[in-house]
Amino acid sequence: MQKNTRQETYKIVKTRPPKRQGELNFSINSGVFACSECEKEFEKPWLLKRHSKVHHISNQMATNTVLDEPKQAELIVENTIPDANAFDYSSDEDDSSSIGDEEDNIIDEENDIVDNFFDIEMNSNPVFNAFSDMFSSAAAADEVSMTDDDSEIPEEVFETIGAVNDPTSCYPFRDLQTMILFAFIDGDNDMISQRMLKKILLAMNLIIKIQQETPIGRTFKLPHLDALLNYQARKKSKMPVFPSQRISVPGSNGNAFAHINLLSDHLRFLMANPKKSKLISSMPNRTPNQSICLEQGEKWRTHHLFQQPMHTVNGIDVWFGNIVYLKTNDCSIRFLVESFHTANKNIFARGYLVRAISIVCYGVEVAVTDLRVEQISHVDTTPVERYHYYSISSSLTRLSPAHDFLLFGVHPMKKPMPLSVLPGNVDRDAVFYKVRIVSIILFTDDTSGNRSKQYNPFESWLMRCAALPFKDRNSIANIQFLSTIPKKDGANGMSLLPAIVDDFKKLEKGVKMFSAEDNEYVLVVAPILWIEADTPCHSELCGLLGPATTFPCRRCYIELRRAKDFVKDLSYFCECHERRTREHYVLANSLPGRDTEIPNAPKIGMNTPANEISFRDRSTGRLLELQSFDPEKDTPVEILHTILLGVAKYMVIDLVKVVLKNDIATIARLSEFLTDYTRSTGLSRKFTRNLRHSGSFLGRDFKVLLQILPVILITEFSGNHELDLVIPCFVELGRLCSLVFVRQVTSDFDNYIIRVDNAVKRLIRALFDYDKGTKNELHKAYCTKPKVHYLTHLKEDIIRFGPALNYETEKGEQFNKHIREHLFHTNRQNTSRDVCLKFAKQVALQHVIDGGSWINSSGNREKSGTGIERFIKDNNESLFYYTFFGGSRELKDNNDTGDIEDDAVQNNSFGAFVFKDDPISRPRIGLVSGSVVKFLSIVPRTDNDRNNNYAKAVMTDEHSDVANMNLVCKLDLHIFRNPFYIVNLSKFGSYWFIFNNILFDE
């Protein structure tokens, strides 16, 4: 082919610095640019460059040039690389709108290093060019913007690549792609994890597959980096944007600024998500004598903001205050509706029977009645006259206040739909928004912005929807990030409370949101169920001094002092003390100096200034504006910090560094037994730590240790005079932990409450006896420690919310690592905004992938295309979600509660089994041995067995095929004392299971 011989005049032109990370700006002042191979002319040099890469691959590989060497244009290349850690990159499109403010991240100074990858024309692989176009733009001048086809990959490209990828020429690599991936992983000091590499490879495979399946005539293109990183700032982007809010927070140097992803915005996305909308709202559950979900807790069943005021029956919305006809033959009986709830998997209406006394006289029964919604026929629309209705007890009386409000009051959640959204054939006076109650759990904690976890503190807020099942509620996908803020200049996590409280106050009144479940707008009411935090943070939230004060409890006015002259009897530490009520908190918060006198505090008949009984102004008083929050009751005892990092830590450190301080032989022997226990199949985790390092143990270490240490001490070290006093403390702590570390109580909940309360009292008694009996001067009294006292309130929290494992903070603590990782990848100029933006993008993307809907820029509701769901299902849906949406980083469950998974049956493991053909039969203890289950029988327990919290079992001659059995609870019988297997009742969950299913007659 004849080469082009035309001469062009080139002149160096100054270019502006690029806007995008990795972008290389160059400019050539020339009128026309011609291909040296085919003489085709182009107006811009980058068009020529692309043409050469696509159509003259072989020639370029041979000559290694774009233009003829003598005619090579002189280029001025400028490379401005922004801080790779900054999230915010501006767009090169004219339609972008800035989201920056005066606190924008600072960009690094101009970098003179030029990446020759974008200059050298050896780069002839169009697949690589398409991928690289995601990260750089070769725009030749300011006015040039990339065309729609700038990243197309012609079909013949893949054929060309295959032709040059000869395995024999790639030695020692298998092929060229292997060489490239080796270079990507080990070519320099940039680190990449195995998890990230898997994500990258899966993404590449899926993208190449899409390209290969692209129909002829349609283009395949990849987006630019700016379109991925900064889509929220581009006007033409169709992606939904989560609206992070910029707020002002008070600080020691004046007001500072932070960003927050508000609860109401999270709920808008969740309600419009078809996969989550139905799961996050729920009615109270009044199934008696069990606690398998949070809806069965006392607060959910009794607090007015949690009661469901309406339900749709036979296509008709039945409301609080409606009188309905029943499906009975007696037309004289109707029903006055108060609320709706569930029980035993059925939906019930709660209210009062209405009886016709005469034609114009009706009586409303005082007794509350529950009836299934299937019994409701239709709503009585007859106008109600006050003088026609009476209350019925033993006789007719004037309407009670409750009946009067039902008949003539207006429920605050009953809000009419505007006329503009109603069809013309609908009765406009009788259509109201459906109501959905979405209860919220808040979590707050501090974390470090450094990898050492020691300095640069940040405080953050998270939220979860309480109606989700236990496992889903603790999944990383359902923990919603609200905000994080650096703890400096007088600002901290409590500085965010005004914005959180203002949002909650709107949600308590009801906010209109689109519901994917109902396919219409509904009224969402979102009260707060509780706030999770560690002990010092709970004190701060309640406006109290820390736990080291004289009156440390946020529930009562117990006085605790560590002085040696502080002598009290056992009943003082076990009994109830005067309550620190919500009214007391409101009184204390009424004056900034906290000098309001609190009546009957700390004892009946005493009036004490609030600041003398630990009340302080800690900028948290605005929480009292919420109807659904009670500082006394809604800051539950948190077992991770109270038991594991509290009482357990005290006792283990005391055992190792006080009781056995100089007894090296006993510590070594104890360590041997702990090491031997790693062979146990009854525990999912193994204890591998050194006892001498107990001061640095984490919660998960104590979780394993407390399940095995009591049974080891009682079976191997009984009679050791140094341990005789401390062993009962560990036994009782093991009993308590086995009780409280359960997910649910399926039956006999009242008895469960009694056993928990008794276990707490037994533990305090053992600690009290040890405090009194020990002669070791290094020992510090247990009973005067606030965390020991907090256990006396555990019973109240279990009644109010359910088992204590529901409000353990471990999952929130684990989530801190994700916040820290996002902090590491900011340039620390505006961390609150950058982290909020990153989590906001995750929420928006998950919403789109799940098929959720959103409001577009035109004000219309739209949703993702059906091709997304179809593509994911056709390409290993589980792997897609696992790899890209957090499945590979799911939060670890360290509780070992005995709950059964599909693969739980292991050889040589013990458990409780039932026959598959008789699932309601009494469980039997068995040992899995190959393909059979050998049954054991528990022998009658002695008083010594009961006091030491274990049982003995012997092997029987009975057995059954393992295929005929269902495992219902994992057990630990690792210790064998011929002929007895020791049933370790300190294993989490086993104490309650054994006594509720096997030893229930004891």
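Since we're looking at a predicted model, the values are computed, not measured.

Asks: Teacher, can you tell me more about the overall build of the protein chain here?
Replies: Helix and strand counts for the protein chain come out as 28 helices and 34 strands. At a minimum sequence separation of 6, the contacts of the protein chain that also span at least 24 residues come to 67%. Accessible surface computed for the protein chain: about 47,300 Å², of which carbon and sulfur atoms make up 52%.

Asks: How do you make sense of the confidence of the model for the protein chain when you look at a structure like this?
Replies: The predicted coordinates of low-pLDDT regions are not to be read in fine detail. When pLDDT is averaged along the protein chain, the result is 84, and 83% of the positions lie at 70 or above. By mean pLDDT, the top-scoring element of the protein chain is strand 23 (residues 528-532) (98), and the lowest-scoring one is strand 4 (residues 78-79) (34). Low pLDDT (under 50) marks residues 1-30, which in the prediction has 93 contacts with non-local residues, meaning those over four places away or in another chain. Overall, residues 130-163 carries pLDDT values under 50, and its contacts beyond four positions in sequence, including any with other chains, amount to 72 contacts.

Asks: Please clarify how the packing of helix 23 (residues 810-824) against helix 24 (residues 831-849) should be interpreted in this entry.
Replies: When two helices pack together, you describe them by how their axes are tilted relative to each other and by the distance separating the axes. Packing of helix 23 against helix 24 brings their axes to within 9 Å, and their N-to-C directions diverge by 120°. Helix 23 and helix 24 meet at a crossing whose hand is right-handed. Residues Phe 815, His 818, Ile 819, His 822 and Leu 823 of helix 23 form the contact with helix 24, whose participating residues are Thr 831, Val 835, Lys 838, Phe 839 and Gln 842. Across the contact of helix 23 with helix 24, the residue classes tally to five nonpolar, four polar and one charged.

Asks: I tried to follow the sheet that holds strand 21 (residues 511-515) on my own but got confused; where do I start?
Replies: The strands that make up a sheet pair up through hydrogen bonds in the backbone, lying either parallel or antiparallel. If you walk across this open sheet you meet the three strands as 17-22-21, and the pairing is mixed. With partners counted over all chains shown, the strands left at the sheet margins are strand 17 (435-437) and strand 21, one partner each. Here the average twist between neighbouring strands, direction ignored, is 45°. Note: strand 17 against strand 22 (residues 520-525), three bridges, orientation parallel. Among the inter-strand pairings, Arg 436 is bridged to a residue of strand 22, identified as Val 524.

Asks: How do you make sense of the packing of aromatic side chains when you look at a structure like this?
Replies: The geometry of an aromatic ring pair is captured by two quantities: the separation of the ring centres and the angle between the planes. Within this structure, the stated rule accounts for 31 aromatic pairs. With a centroid separation of 5.0 Å and an interplanar angle of 70°, the aromatic rings of Trp 530 and Phe 801 are classed as edge-to-face. With Trp 530 in strand 23 and Phe 801 in helix 22 (residues 794-801), the pair connects residues that are 271 residues apart, well separated along the chain. A single burial state applies to Trp 530 and to Phe 801, both of which are buried. Site record: aromatic cluster; members linked through ring pairs are Phe 566, Tyr 572, Phe 573 and Phe 768. The ring centre of Tyr 325 lies 6.0 Å from the NZ or CZ of Arg 334, which sits over that ring.

Asks: Honestly, the pairing of strand 7 (residues 310-313) in this entry has me stumped. Any pointers?
Replies: Within a regular strand, side chains alternate between the sheet's two faces. Relative to strand 8 (residues 316-319), strand 7 runs antiparallel, the two being bridged by four bridges. Residue pairing in the sheet places Val 313 in a bridge with Ile 316 of strand 8.

Asks: Whenever I open this one, unusual backbone geometry confuses me. Can you help?
Replies: Among all residues save glycine, negative phi is the norm, and among peptide bonds the norm is trans. Omega for the bond connecting Tyr 171 with Pro 172 falls within 30 degrees of zero, at 10°, which places this linkage in the cis form. Following the sequence through the fold, Pro 172 ends up in the loop between helix 4 (156-164) and helix 5 (176-186). Phi angles above zero are rare outside glycine, and Arg 594 is one such case at about 55°. By secondary structure assignment, the location of Arg 594 is in the loop between helix 15 (582-588) and strand 24 (597-599). The class for Arg 594 is buried, based on a relative accessible area of 6%. Look at Ser 614: it is not a glycine, yet its phi comes out positive at around 80°. With respect to the secondary-structure elements, Ser 614 resides in the loop between strand 25 (607-609) and helix 16 (639-659). Note on Ser 614: relative accessible area 2%, which makes it buried.

Asks: Explain the environment of Thr 784 here, please?
Replies: By secondary structure assignment, the location of Thr 784 is in the loop between helix 20 (749-773) and helix 21 (786-790). Look at Thr 784 and you get buried, because its relative accessible area is 11%. Linking Thr 784 and Arg 561, residues 223 residues apart in sequence, is a C-alpha distance of 6.3 Å.

Asks: Can you help me understand a nonpolar patch on the surface in this one?
Replies: Residues Leu 176, Met 179 and Ile 180 make up a contiguous nonpolar surface patch of about 190 Å² in total accessible area. Tracing the chain through its elements places Leu 176 in helix 5.

Asks: Is there a simple way to think about helix 23 in this case?
Replies: Turn by turn, an α-helix covers 3.6 residues, leaving residues three or four places apart pointing in a common direction. A rise of 1.5 Å per residue sets the reference length of helix 23, with its 15 residues, at 21 Å; its end C-alpha atoms lie 22 Å apart and thus fit the reference within 8%. Among the residues making up helix 23, those that are buried are Glu 810, Lys 811, Gly 812, Gln 814, Phe 815, Asn 816, His 818, Ile 819, Arg 820, His 822, Leu 823 and Phe 824. Close packing links the buried residues of helix 23 with strand 18 (440-448), strand 19 (457-465), strand 20 (480-486), helix 16, helix 18 (699-716) and helix 24.

Asks: Please explain the pairing of strand 29 (residues 924-929) as it appears in this structure.
Replies: Across four bridges, the pairing between strand 28 (residues 910-915) and strand 29 is antiparallel. Across the sheet, Ala 912 pairs through a bridge with Ile 925, a residue of strand 29. In this structure, strand 29 lies alongside strand 30 (residues 932-938), joined through four bridges in antiparallel fashion. Opposite Gly 926, over in strand 30, you have Phe 935 as the bridge partner. In textbook terms, the turn of a hairpin is the stretch between consecutive antiparallel strands, and for strand 29 and strand 30 this stretch comprises two residues, one of which, Gly 930, has a positive phi near 65°.

Asks: Looking at this structure, I do not really get the sheet that holds strand 18. What am I missing?
Replies: Taking strand neighbours across the sheet as the criterion, the four strands line up as 20-19-18-23 in an open arrangement whose pairing is mixed. The open sheet has two free edges, formed respectively by strand 20 and strand 23, since each of these has just one partner strand. Neighbour-to-neighbour, the strand axes of this sheet turn through a mean angle of 20°, independent of strand direction. Pairing analysis gives six bridges linking strand 19 to strand 20, with the strands arranged antiparallel. Residue pairing for strand 20: Glu 459 is matched across the bridge by Ile 485.

Asks: Would you take a moment to explain the pattern of salt bridges for this structure?
Replies: For side chains bearing opposite charge, pairing can occur when the charged atoms are close. The full count for this structure, using the stated rule, is 41 salt bridges. For Lys 299, the salt bridge goes to Asp 634, with nearest N and O atoms at 2.8 Å. Taken together, the residues Lys 299 in helix 9 (residues 298-302) and Asp 634 in the loop between strand 25 and helix 16 connect sequence positions 335 residues apart. Like Asp 634, Lys 299 is buried. With its nearest N and O atoms 2.9 Å apart, the salt bridge here joins Lys 703 to Glu 810. Within this pair, whereas Lys 703 is found in helix 18, its partner Glu 810 is found in helix 23, the two being separated by 107 residues in sequence. A single network of salt bridges, built from pairs that share partners, joins Arg 555, Arg 579, Glu 632, Glu 796 and Asp 797.

Asks: Looking at this structure, I do not really get helix 28 (residues 990-997). What am I missing?
Replies: When you tally the buried positions in helix 28, you get seven out of eight residues, the bulk of the element. Here helix 28 has its buried residues at Ser 990, Tyr 991, Trp 992, Phe 993, Ile 994, Phe 995 and Asn 996. The secondary structure elements touched by the buried residues of helix 28 are helix 19 (727-740), helix 20, strand 28, strand 29, strand 32 (965-971) and strand 34 (980-984).

Asks: Looking at this structure, how should I read the environment of Ile 247?
Replies: Counting through the fold element by element, Ile 247 comes out in strand 5 (residues 245-249). The class of Ile 247 is buried, set by a relative accessible area of 16%. Counting along the chain gives ten residues from Ile 247 to Phe 257, while the straight-line C-alpha distance between them is 5.7 Å.

Asks: Would you mind showing me how to read the packing of helix 16 against helix 18 here?
Replies: Between helix 16 and helix 18, the shortest axis-to-axis distance is 10 Å and the interhelical angle comes to 65°. Between helix 16 and helix 18 lies a crossing whose hand is left-handed. Contact residues: helix 16 offers Leu 640, Leu 644, Leu 645, Ala 648, Lys 649, Val 652 and Leu 655, while helix 18 offers Gly 699, Phe 702, Lys 703, Leu 705, Leu 706 and Leu 709. In terms of residue class, the contact of helix 16 with helix 18 is built from ten nonpolar, one polar and two charged.

Asks: Sorry, what's going on with the environment of Phe 242 here?
Replies: Mapped onto the fold, Phe 242 is located in the loop between helix 7 (225-229) and strand 5. A residue is classified by how much of its surface remains accessible, and Phe 242, at 4% relative accessible area, is buried. Taking the C-alpha atoms as reference, Phe 242 lies 9.1 Å from Gln 842; in sequence the two are 600 residues apart. Apart from the residues lying within four places of it in its own chain, the contact partners of Phe 242 are Asn 261, Leu 262, Asp 265, His 266, Phe 269, Ala 840, Val 843 and Ala 844.

Quick notes on the rules
- Residues numbered from 1 in each chain as written.
- Predicted model: local features only at pLDDT ≥ 70, side-chain atom pairs only at ≥ 80, totals over all residues.
- Heavy atoms only, no water.
- Helix = DSSP H or I, 4+ residues; strand = E, 2+ residues; numbered from the N terminus.
- Contact = heavy atoms within 4.5 Å.
- Areas by Shrake-Rupley, 256 points an atom, 1.4 Å probe, with all protein chains shown as cover.
- pLDDT = per-residue confidence, 0-100.
- Axes fitted to C-alpha atoms, helices over the stretch in contact; angles between N-to-C directions.
- Left-handed = near helix turned anticlockwise from the far one by under 90°.
- Nonpolar A, V, L, I, M, F, W, Y, C, P; charged D, E, K, R; others polar.
- Pairing = 2+ DSSP bridges.
- Phe/Tyr/Trp six-rings, centres within 6.5 Å; stacked < 30°, edge-to-face > 60°.
- Buried < 20%, exposed > 50% of the residue type's maximum accessible area, 1.4 Å probe, protein only.
- Lys NZ or Arg CZ within 6 Å of the ring centre and 35° of its normal.
- Patch = residues over 30% accessible without salt bridge, like charges linked within 9 Å, V, L, I, M, F, W, Y side chains within 5 Å.
- Salt bridge = Lys/Arg side-chain N within 4 Å of Asp/Glu carboxyl O.
- Expected span 1.5 Å × (residues − 1).

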